[in-house]
Amino acid sequence: MASNTYKQYAVLASSTVAFTVCFMIWMMFAVLGIPIKEQLGLSETQFGILAATPVLTGSLVRVPLGIWTDRFGGRIVLFLLMLTCVIPIYAMQFATEYWHFLAIGLCVGLAGGSFSVGTPYVARWFRKEQQGMAMGVFGAGNAGSSLTKLIAPGIIAAAGWQMVPTVYAVIMLVTAILFWFFSFHDPKHLVTSKTSLAQQWALMKDPAVLRYCQYYSVVFGGYVALALWMTKYYVGEYGFDIKHAAFLAACFSLPGGVLRAVGGWLSDKYGAYKVTWGVMWVCWVAFFILSYPQTAFVIQTIKGPQSFHLGLGTTMFTVILFAVGVAMAIGKASVFKFIADEFPDNIGAVSGVVGLAGGLGGFLLPIMFGALVDLTGVRSSSFMLLYGTVCVSLIWMHFSFRAVRQKEEAAEASFAKGAKLTMAER
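Calculation rules
Residues numbered from 1 in each chain as written. Predicted model: local features only at pLDDT ≥ 70, side-chain atom pairs only at ≥ 80, totals over all residues. Heavy atoms only, no water. Helix = DSSP H or I, 4+ residues; strand = E, 2+ residues; numbered from the N terminus. Polar contact = N/O pair within 3.5 Å; in protein donor to acceptor, adjacent residues only side chain to side chain. Contact = heavy atoms within 4.5 Å. Pairing = 2+ DSSP bridges. Core = buried A, V, L, I, M, F, W, Y, C linked by side-chain atoms within 4.5 Å. Buried < 20%, exposed > 50% of the residue type's maximum accessible area, 1.4 Å probe, protein only. Phe/Tyr/Trp six-rings, centres within 6.5 Å; stacked < 30°, edge-to-face > 60°. Lys NZ or Arg CZ within 6 Å of the ring centre and 35° of its normal.

*Asks:* Help me understand the side chain of Ser-382 in this model?
*Replies:* Take Ser-382: it is sitting in helix α19 (residues 381–400). There is a polar contact of 3.2 Å between the side chain of Ser-382 and the backbone oxygen of Arg-379. Ignoring sequence-local partners within four residues, the contact set of Ser-382 consists of Trp-229, Tyr-233 and Phe-369.

Structure below.
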């Protein structure tokens, strides 16, 4: 019989691989959508809707999937979820009309619900002081977004975009089978039958849950939106072909997924609040800089007209975007550390609704990006929108945790005073 330690890490490894593949497929329109946009002659808004369609269903199913994971176990739920996605993925190659892609995209989007299954499934195999690390490692499966940027362009160049669904369907099927054979189930991890569905839904009225929904809609929703949007952004703003644009976009997606484990470790060590607060400030500064559009202007000087240009070059843009990816990776883990600390008996239900909020952010933001570009003609307007969402998070965090900060400061002052008295007595 396998030891508990072996089971822990087998579950963590198999779940992380499964989630990586699910996320890769969930983000497939980030690259696949570009030749489809050209083929169908879509506007920016229509492209945003196409790219975001899988995100919608992947978000809406997160709450029921989280609850089912609490009740039936993550192993069976994740396995069946992956199998369900195989046929829609394969069928995408036969789509010819815009509505075909939207309908199939809704089905393929179910893969995105894997996060709210794997998070509680993995967390319950580890002690509380290890849960941040475990959830961070699992969440590194977000790197699947960068995989699709590295794999799909090569397939498209070699055999056309229609080959991508075939390859992805095979990958999903093989991964589901491997997951089943290398994962485990523990009946002790199931939520007791005394906990009703109504009681689990009642958790969603908790102000703390709503607060974490907003944070996650920024760090995860913003990550998903940018992962879907950046390949096309590089193509339009800097004139790269799809292969090079996807590679540069992966510079954001890869750290945004892989370094989530670092966020879990930092949250375990320093606490969820301090880590999330720092993440929001990094994003605030970065989005302010990225918001500035390419600008050319002329100043009348004593020597005549003098032309100037302000704007980020490709290198600086990519460096700042990389920093955003790192910050969001850490923030995604720290928000879920909040959940593990405050709702240890209902991680599945709460992570489901917080994941739903993050997913809905990832669905709405690309559509809003496209609408803003169509309306203003300024591509950097997408970063202006993200800048505003971070402002909301910072203000909300400041007022929500003011009492906590004051309590901590009072405790530290009391400790320091006691230490001084002790030294004086000596």
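There is more to say, and it comes next.
*Asks:* Just to check I follow, could you spell out the pairing of strand β2 (residues 304–310) for this structure?
*Replies:* A regular strand carries its side chains on alternate faces of the sheet. Both strand β1 (residues 295–301) and β2 contribute to a ladder of 7 bridges, which runs antiparallel. Residue pairing across strands places Gln-300 opposite Pro-305, the latter belonging to β2. Count of turn residues in the β1/β2 antiparallel hairpin: 2 residues.

*Asks:* For this particular structure, what's the right way to read the nonpolar core?
*Replies:* Generally speaking, soluble globular proteins have nonpolar side chains that are buried together. Among the nonpolar cores identified, the biggest contains 129 residues, and Met-172, Tyr-212, Phe-287, Val-354 and Phe-383 are the most heavily contacted of them. When sequence neighbours within four positions are dropped, the list of residues in contact with Tyr-212 reads Val-335, Phe-338, Ile-339, Glu-342, Phe-343, Val-354 and Phe-401.

*Asks:* Got a minute to help me understand the packing of aromatic side chains in this structure?
*Replies:* For any two aromatic rings, the description comes down to two numbers: the centre-to-centre distance and the angle of the planes. According to the stated counting rule, one finds 38 aromatic pairs in the structure shown. Aromatic side chains Tyr-234 and Phe-240 sit 6.2 Å apart centroid to centroid with 70° between the ring planes, which places their arrangement in the edge-to-face category. According to the relative accessible area criterion, Tyr-234 is buried, its value standing at 0%. The partly exposed category is assigned to Phe-240, whose relative accessible area is 26%. Judged by centre distance (5.4 Å) and plane angle (70°), the rings of Trp-281 and Trp-284 are edge-to-face. Here Trp-284 and Trp-281 lie together in helix α16 (residues 272–290), a separation of 3 residues that amounts to about one turn. You can call Trp-281 partly exposed: its relative accessible area is 38%. Ring-pair connections join several aromatic residues into one group, and the members of that group are Phe-19, Phe-23, Trp-26, Phe-115, Phe-138, Tyr-216, Phe-220, Tyr-223, Phe-252 and Phe-336. A cation over a ring is seen here: Arg-75 above Trp-180, with NZ or CZ 3.7 Å from the ring centre. Over the aromatic face of Tyr-223 sits the side chain of Lys-332, whose NZ or CZ is 3.4 Å from the ring centroid.

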